[in-house]
Amino acid sequence: MMEKSIPDVEPNDSGKIWSKDFILICTANFFIFLGFQMTLPTIPLFIEELGGNDRLIGLVVGIFTFAALILRPIAGHALESKGRALVYLTGLAIFVLSVGSYAFTLSIAFLFIMRIIQGAGWGFSTTASGTIATDLIPVQKRGEGLGYFGLSGNLAMAIGPSLGLILAEEISFNILFLICAFFGFIAFLLSLMVTYKKVENYEKRIAVKKLDFYEKSALKPSWLMMFITVTFGGIATFLPLYSIENGVTGIQLYFLLYALALMLTRTFAGKLYDKKGHRAVFIPGALLVLTAMLLLSWLPNNAVLFTAALLYGTGFGAIQPALQAWSVAQAPVNRRGMANATFFSFFDLGIGLGAIFFGLIAHSFGYSFIYLASALSIVFSILSYLYFLTKEAKAAVN
């Protein structure tokens, strides 16, 4: 592990995206996401095995994201004061230890506590990795570069959920969670080889506010992202259980198709954002996600399930890198850590709210209502976006 001093200007102006460090951070990101994605559809099944119901499933899944949410602003400050390496390595270590502890979990109460700890590690590691990737990408190719960086997580998303569900049928949950922790450990080892941006004279460069928990310039895209990720909370937490209830057997292939569509979209959506901005990306992507939610609320067979996977993957794959690039576009160089923290805090908040809220909906009304509520969340995100555009247009005239 090395740190290098980089002036308070754009860190990469060479025009080259695929540097050694960028490849390393993408590979490390793949492995940490692989370990994480394997737990997404299997944690609800594990909670069921421990005797939990839908409300407990939503609570245990949701508390993870709230822990990450609380820690992200702290991670954002630490990235600019303590450096990228310390925050990233600490987050990865916490993730590995907490996920590994699931192998020895005998009660929902202990699992609940360890999910909070895992959320802390996830909040630190993912806030750091997004900032590190931003440091390494040329400014003129930020949308494209972040799209490629996101592909590393998407590739894990293509493999992880299906692999987790397949392994859960063949091995014990204990061994499964140890495998997940091992993938996180590989990410830790790879991260030791990255050359990180060294942050110097932080106190002299910016005045730190005591209650500085967000980057103002990142609020609009982060707000929009929250209402998109609400839908992900419903899918990752309850779709495996919903498909079983409906007698739809293709849930492993759903996650694979979703991630493949996501990956394919990432190859061109970032470039589209760089050339034409978020206006060319957000509305089309949101409409695809909305259609997917309506299909999932119906879910009569595998054909509908797979169509929803492709639509959701394409829509989400277009929206996420565009909104992330937008969130850091207007932030000062020395506030990128906080801009990424703001973005992913809202990202986590959406997933957490979705998991908990949809757990209550599933318990009272059934799983199909989860996806109708998700569709309403997308409609609200679109309306919010149109409001922001109208407000900006009026400000430009004045």
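Here's a quick rundown of the structure. None of these values were measured; they are calculated from a predicted model.

Turning our eyes to something else, we now look at the overall build of the protein chain. The helix and strand tally for the protein chain stands at 14 helices and 2 strands. Here the C-alpha radius of gyration of the protein chain, 20 Å, is about what a compact globule of 398 residues would show, namely 21 Å. The principal-axis extents of the C-alpha atoms in the protein chain amount to approximately 60 × 50 × 35 Å. Per-residue burial over the protein chain gives 63% buried out of 398 residues. Of the roughly 15,500 Å² of accessible surface on the protein chain, 69% is carried by carbon and sulfur atoms. For the protein chain, the separation between the mean place of its 27 positive charges and that of its 21 negative charges on side chains is 9 Å.

Let us look at the pattern of salt bridges. Applying the stated rule across the entire model yields 6 salt bridges. One salt bridge connects R72 with D348, and the closest N-O pair in it is separated by 2.5 Å. One end of the pair, R72, is in helix α3 (residues 54–81); the other, D348, is in helix α13 (residues 336–365), and 276 residues separate them in sequence. Taken individually, R72 and D348 each receive the classification buried, so the pair is uniform in this respect. When the shortest N-O distance is used, the salt bridge between E215 and R335 registers 2.8 Å. On the criterion of sequence distance, the pair formed by E215 in the loop between α8 (202–205) and α9 (219–246) and R335 in the loop between α12 (302–329) and α13 is long-range, its members being 120 residues apart. With respect to burial, E215 and R335 carry one shared label: buried.

Take the packing of helix α2 (residues 42–49) against helix α7 (residues 173–191) next. Their axes nearest at 12 Å, the elements α2 and α7 cross at an angle of 150°. As judged from the angle between their axes, α2 and α7 are roughly antiparallel. Note on packing geometry: the crossing formed by α2 with α7 is left-handed. For the pair formed by α2 and α7, the contact residues are T42, I43, L45, F46 and E49 on the first element and F173, L176 and F177 on the second. When its residues are assigned to classes, the contact of α2 with α7 shows 6 nonpolar, 1 polar and 1 charged.

Our next topic: the environment of L40. Within the secondary structure layout, L40 lies in the loop between α1 (20–39) and α2. Residue L40 is classed as buried on the basis of its relative accessible area, which comes to 15%. What L40 contacts, discounting residues up to four positions off in sequence, is F232 and A236.

The rules behind these values
Residues numbered from 1 in each chain as written. Predicted model: local features only at pLDDT ≥ 70, side-chain atom pairs only at ≥ 80, totals over all residues. Heavy atoms only, no water. Helix = DSSP H or I, 4+ residues; strand = E, 2+ residues; numbered from the N terminus. Rg over C-alpha atoms; globule rule 2.2 N^0.38 Å. Buried < 20%, exposed > 50% of the residue type's maximum accessible area, 1.4 Å probe, protein only. Areas by Shrake-Rupley, 256 points an atom, 1.4 Å probe, with all protein chains shown as cover. Lys, Arg positive; Asp, Glu negative; His and termini not counted. Charge placed at Lys NZ, Arg CZ, Asp CG, Glu CD. Salt bridge = Lys/Arg side-chain N within 4 Å of Asp/Glu carboxyl O. Axes fitted to C-alpha atoms, helices over the stretch in contact; angles between N-to-C directions. Parallel < 35°, antiparallel > 145°, perpendicular 65-115°, else oblique. Left-handed = near helix turned anticlockwise from the far one by under 90°. Contact = heavy atoms within 4.5 Å. Nonpolar A, V, L, I, M, F, W, Y, C, P; charged D, E, K, R; others polar.

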